[in-house]
Amino acid sequence: MEQKAKIPEMAQPSFNLGRLLKNNAVPILFIIICALGSYYARLPLPFLIAEITTRMARNSFLVISLIIPIIAGMGLNFGIVLGAMAAQFAFIATVFWQMQGVAGLTATVALTIPVAIVFGWLTGMLFNRTRGKEMITGIILSFFANGLYQLICLWVIGGVIPFPDESMVLPSGVGLRNTINLKAMHYALDNIVKWRYGMIGVPVMTFVAVALLCVGMIYLLKTKLGQDFRAVGQNQQIAGVAGINIDKVRILAIVFSTVLAALGQIIFLQNLGILTTYGSHVQVGTFAVAAILIGGASVSKATIGQALLGTFLFHTLFIVSPLAGKNLMGNPQVGEFFRVFVAYGVIGVALALHAWRGRSKK
Amino acid sequence: MSQRVLEMRNISKEYFGNKVLKGVSLAVDEGEIHALIGENGAGKSTLMNVLFGMPVIRNTGGFEGEVLFEERPVSIANPFEAMELGIGMVHQEFMLLPGFTVTENIKLNREITRPTLLSRLFGPAMKRLDRTAMNSDSRRALDSLGLSLDETTRVAGLPVGYKQFVEIARELDKKKTKILVLDEPTAVLTESEADTLLEAMERLSAKGISILFITHRLQEVLRVAQNITVLRDGERVAGLDRTEATVDRMAELMVGRALESVGCKECAASAMKEEVLLAVSDLRVDMPGEEVRGLDLSVRRGEILGIGGLAGQGKIGIANGIMGLYPATGTVAKGGKPIPLNDTTSALNAGMAFVSEDRRGVGLLLDQSIEMNIAVPAMQSQGKFIKGAFSLADDRKIRSHAMELIRELDIRCTGPAQLARRLSGGNQQKVCIAKALTLDPDLLFVSEPTRGIDVGAKKIVLDLLVKLNREMGVTIVITSSELAELRAICDRISIVYRGHIEGTLAPDASDKDFGIMMAGGASHGGQERKVS
Amino acid sequence: MAEQVRMEGNGLSERLKAIAADLGVPRLIIFAFLGAMVVAAFLLELPIDTLTGNILTRFGMNGILVLAMIPTMQVGMGPNFGLPLGITCGLVAATLSIEFGFTGLAGFLVSLAIAFPLGGAAGYAYGLLLNKVRGEEMTVGTYFGFSIVSLMSIFWAMAPYRSPEMIWPYGGSGLRVTITLQNHFDKILDHFLAFNVMGIDVPTGLLLFFFAACYLLWLFMRSRHGIAMTTVGNNIRFAESIGLNVNRYRLLGSTLSCALGAAGIIVYAQSYGFLQLYQAPLFMAFFAVGSILIGGASINHATIKHAVIGTFLFQSLLVVSLPVANLVVSENLSEVIRIIITNGIILYALSRRESGSEAR
């Protein structure tokens, strides 16, 4: 028995620069792009830091909401758009009831969560029907849901449900206006505690919320449910044989993701102070997915660190690329297109790499 | 006085009128290692499916007979109930999650948890894992197997032998486990790994855990088993104890003589010549689960050559390798001309055709018509059935050719335009043969031609093969798990063991010879072939 | 007697049920919706003849883009969500033809002559990528298509075109967002042999062109190579077992699809009268996919018949629902309906178990 105890050479946890670079190629590449972009954008540093701080505060939550479905083996959840929609419906209601400040925000949150749970549940059931095709289903679902959302906002509100608020509906009385003012709840969370350093304002409570979310995520992964997420994510069949209710675990993963995305959208909108009725949610999925991928996550692996790093890099790129484009190419539009290209391109490449690796494994 | 842990009494089971178990009984005492041996299709897996209450048994009308656990009759409705009783199963394919540690796998869905504030609010799913307790439990299970593997290692990258042990440790960790079913546990192990496993089995038996050991390796049976049950064709043909068992005896019992008069004994003998039509040497095929490892084979012109052997030994890989469907190395020459491997087109052009063992997966376009199934291979590889400058499909020729074959092979269908999916298994097999014949081969490989088709259709398909050989002079290489059908229609039968030809026998050779060869007896004598 | 009648009634309802199951609930909803719209159009006394003319035109102008879905679906790569690649190739071809100063029929033919090979070449390269990501063609294709559109936006914004009809009137670099084809090949097909019957304008040339394209594709799919493609799509392992080079036929599928997409956008543009650059091609693939699925295709099986029926139904729905929606409810609603129907039918197709899936 003794001679058997030899375990084959395991990867020694020694420091290996080559492997470090290879494993983190994507974030490193984007760090370089961001550094170059910042250099050519010639933005004053305090402005840049202030912008990044704001954007980190308002976007991190959305990006982190993608982690659980990745761990549960369902890939990048493009369906978080539905969570954003839930948040927007809640805002439409609380604005209509003329709620204000922290109380209004709390009411919005309370209203959002059940709606997001329902949306998440439905999405999860759909994903269980389209097993193995969750991502394309999520993409198409986000477009489909957007159609229904528009139908509701354009026609049901005012057309079916009376909606007597002239500041919100179109002059015809049917359908919501293009923008809805959230002034009453603007910075409701951000400004509870705000530290100022010159140009830079730090929305402390928002960061506290993000920090709480991170701790919560770490905790969740240490629970029985978290273990089930990981088991189902590795192999549904084996998890099923062991007696785990795969379908339910998968639905729960999507419910968690959708609810977190909804909360993320609330944080996002209270910071913006304005709701673009037909636009605020549209790119939520794409941008969050691009961000987490830039941070080094993949379709089957993601950590909180990657989500935060990705949010940081993606939004740095967002801030600097139009100016860098203008200074380099003499055309601000080019920078604009470039950042959209990066968002789409990164997702495309990540999906391709995932499929490629999956194939070579077979 | 040792207690009787498990007893199965008079178990009978029918699948669609086909009796696969005929009153089989089996009893295992506490701490006993009991071997269950038999050919493929002898009923071993059905018996285990009954024991574990697998849905497939219930969905096909249940079974007759009685199962007693610890001398009380029990009715096991599903695998979880079997587990609850204390019957542990170690799967042939590993049910391990590669990204989890050894502990996490051992404790999969049986994690030890601690309540927390959140779990009181939101239910048990929010309970926290107690990793220390989980680790010490797994440690205990691993120790009982005498395995000094670190329980916090990830399973990915562990050698196969260790994975097997982790599987067993998982069953042991289920405190209730009284009896462990090991389904061909050594099939994937190297010799030394297998040795260690056998040692561990003895150790468990000494601790009072019973083991039901399903295997093909008769040597191993002799080494560890106290009692042996032999199944053949769904019947318990013998129960031996260690003292009366020998390899020869077991082999003979396993194979038995179950010759039916398949084929056409009355027609002329095959026109087998001494001339070698196909010469294969050092063939290696990387077909998962059916690897061929350095095989030599020669096929004579005009014969029907049978290739037999147990599942997983590589017999299926031979034709798949020669036809270029799985990566292969070695040399293959037909009529003296070398044929490149890994190149299906060349193989087809050399006049060889293949009827795959995977009828629905490889053999057919299920959503196409019968006529297209028959015509497409010849159209694509030989340019038949096309016309004009744009090489359009020649519908009329396709139709008339299909009609001809439907008549000739007696394919029961509503017409040539019927979808292949809607045909019965036997008729689907005939379509597969028809499409191979359309290629005008002089050498036809047929794999598992009767798998999954009913008894009547079996005979028809086998008769058809004999007819092709006798009347059209097609040389046929038929691979089958059913030795009886090979013995009925073949001129010679080669037995494959561990990826090479163990030996070639005449169809009327004795059961004992076949049995020993299938169990690798010939090479087990002295020099063991190392396979890793 | 009464018994027998009831039995027959049962038989009929069974048969209706079978037909309904075959069509699927979403398609039934779409048909019902189309029926309601047509009824509404009559009740609201909308000009039926103009609507019919519009349907015919839109049918012909979208048809080839929908045909472009057939090669990839038949070869088993699923709907070509990367169609924007082919479309941008067509747009490049058309802008080059304008840049070179071609007008009229010559302009149209030159555009096609550039578009077809250019689209084919791009489709070939795209196919090389898709062969590496077998099984994930749809997701990769979607984002590949999106990326190409934004990358080409950079191209449009920087390309050194000179033609004053295409660059911004106030100078600067880059092309306009929409380029009028008035002086080039605006409605060159629509007006060919056009006639008016009962108030309906029939775009003869356009329809002839579309049907010719259908016929050619039909012939191709019936040829040895077309059948090989279908075989690959039906069962890859069968195809390998008869010596077909699976990757080559998949390349052929994406090549053909993108070439058709490139040609399709030129036909579309001549009918529409404008070239739409920048973000315009972003969602075109989805509408083409939606159309062919409405026609009865499934993810890995599509025929010319599905494309023709689907395009006709989808365009009818859009043409009829636009004025109805505008009169009854509000503007923009027709676009919303288009989004819901397109993506709804795609979701439905995705959630259905593919009949060929047991092959793996």
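Whatever comes next refers back to the structure up there.
What counts and how
- Residues numbered from 1 in each chain as written.
- Chains lettered and ligands numbered in written order.
- Predicted model: local features only at pLDDT ≥ 70, side-chain atom pairs only at ≥ 80, totals over all residues.
- Heavy atoms only, no water.
- Pairing = 2+ DSSP bridges.
- Helix = DSSP H or I, 4+ residues; strand = E, 2+ residues; numbered from the N terminus.
- Axes fitted to C-alpha atoms, helices over the stretch in contact; angles between N-to-C directions.
- Contact = heavy atoms within 4.5 Å.
- Buried area = accessible area lost by both parts, 1.4 Å probe.
- Salt bridge = Lys/Arg side-chain N within 4 Å of Asp/Glu carboxyl O.
- Polar contact = N/O pair within 3.5 Å; in protein donor to acceptor, adjacent residues only side chain to side chain.
- Nonpolar A, V, L, I, M, F, W, Y, C, P; charged D, E, K, R; others polar.
- Core = buried A, V, L, I, M, F, W, Y, C linked by side-chain atoms within 4.5 Å.
- Buried < 20%, exposed > 50% of the residue type's maximum accessible area, 1.4 Å probe, protein only.

Colleague: Lay out the sheet that holds strand β24 (residues 500–505) of chain B in plain terms, naming residues and giving numbers.
Modeller: Residue and element names in this part refer to chain B. Taking strand neighbours across the sheet as the criterion, the six strands line up as β18-β21-β22-β15-β23-β24 in an open arrangement whose pairing is mixed. For this open sheet the edge positions go to β18 (352–355) and β24, each flanked by a neighbour on one side alone. Pairwise comparison of adjacent strand axes, ignoring direction, gives a mean angle of 20 degrees for this sheet. Taken together, the five bridges between strand β21 (residues 443–447) and strand β22 (residues 475–479) define a ladder with parallel strand orientation. Among the inter-strand pairings, V446 is bridged to a residue of β22, identified as I478. The strands that helix α16 (residues 425–437) touches are β18 and β21; relative to β18, the one it contacts most, it runs at about 170 degrees.

Colleague: Lay out the interface of chain B and chain C in plain terms, naming residues and giving numbers.
Modeller: Taken residue by residue, the interface counts 32 residues in chain B and 22 residues in chain C. Counting the surface chain B buries against chain C, the share from its top three residues, V362, L365 and Q380 of chain B, is 25%. Here chain B is connected to chain C by two salt bridges. Note that D395 of chain B is salt-bridged to R222 of chain C, the shortest N-O span being 2.2 Å. Counting across the interface, chain B meets chain C through 10 residue pairs in polar contact (both at pLDDT 80 or more).

Colleague: Can you lay out the environment of V241 of chain A for me, pointing to particular residues and giving the numbers?
Modeller: Mapping V241 of chain A onto the fold places it in helix α10 (residues 236–241). Sequence-wise, V241 of chain A and N16 of chain A are 225 residues apart; in three dimensions their C-alpha atoms are separated by 39 Å. Beyond its immediate sequence surroundings of up to four residues, V241 of chain A is in contact with F80, H91 and M95 of chain B.

Colleague: Account for the sheet that holds strand β13 (residues 276–285) of chain B, naming residues and giving values.
Modeller: Residue and element names in this part refer to chain B. Spatially, the four strands line up as an open sheet ordered β14-β13-β16-β17, and their pairing is antiparallel. Across the chains shown, the open sheet's two edge strands, defined by having one partner strand only, are β14 (292–300) and β17 (337–338). Both β13 and strand β16 (residues 328–334) contribute to a ladder of six bridges, which runs antiparallel. Directly across from V285, in β16, lies its bridge partner A328.

Colleague: Break down the interface of chain A and chain C for me, with residues and values.
Modeller: Contacts between chain A and chain C engage 38 residues on the former and 40 residues on the latter. In this assembly, chain A packs against chain C so that about 3,600 Å² is buried in total across both faces, 77% of it on carbon and sulfur atoms. Run the count over chain A and chain C and you get zero salt bridges. Connecting chain A to chain C are five residue pairs in polar contact (both at pLDDT 80 or more). Residue assignment for the side of chain A that touches chain C shows that the elements contributing at least two residues are α6 (101–129), α7 (134–160) and α14 (332–361) of chain A. The element contributing the most residues to the side of chain A that touches chain C is α14 of chain A, with 15 residues. In terms of residue class, the side of chain A that touches chain C is made up of 25 nonpolar, 10 polar and three charged.

Colleague: Break down the side chain of T139 of chain C for me, with residues and values.
Modeller: In this fold, T139 of chain C is placed in helix α7 (residues 137–158). A distance of 2.6 Å separates the side chain of T139 of chain C from the side chain of E136 of chain C, its partner in a polar contact. In this view, T139 of chain C contacts M135, I136, I139 and L351 of chain A; residues no more than four positions away in its chain are not counted.

Colleague: Give me the lowdown on the nonpolar core, citing residues and values where you can.
Modeller: Of all hydrophobic cores here, the largest spans 314 residues; its most connected members are L76, L176 and I292 of chain A, L283 and F445 of chain B together with I292 of chain C. At 15 residues, the largest contribution of residues to this core is made by helix α11 (residues 246–272) of chain A. Residues contacting I292 of chain A, with those up to four places away along its chain left out, are V63, L66, I67, I70, L76, A297, A302, Q306 and A307 of chain A.

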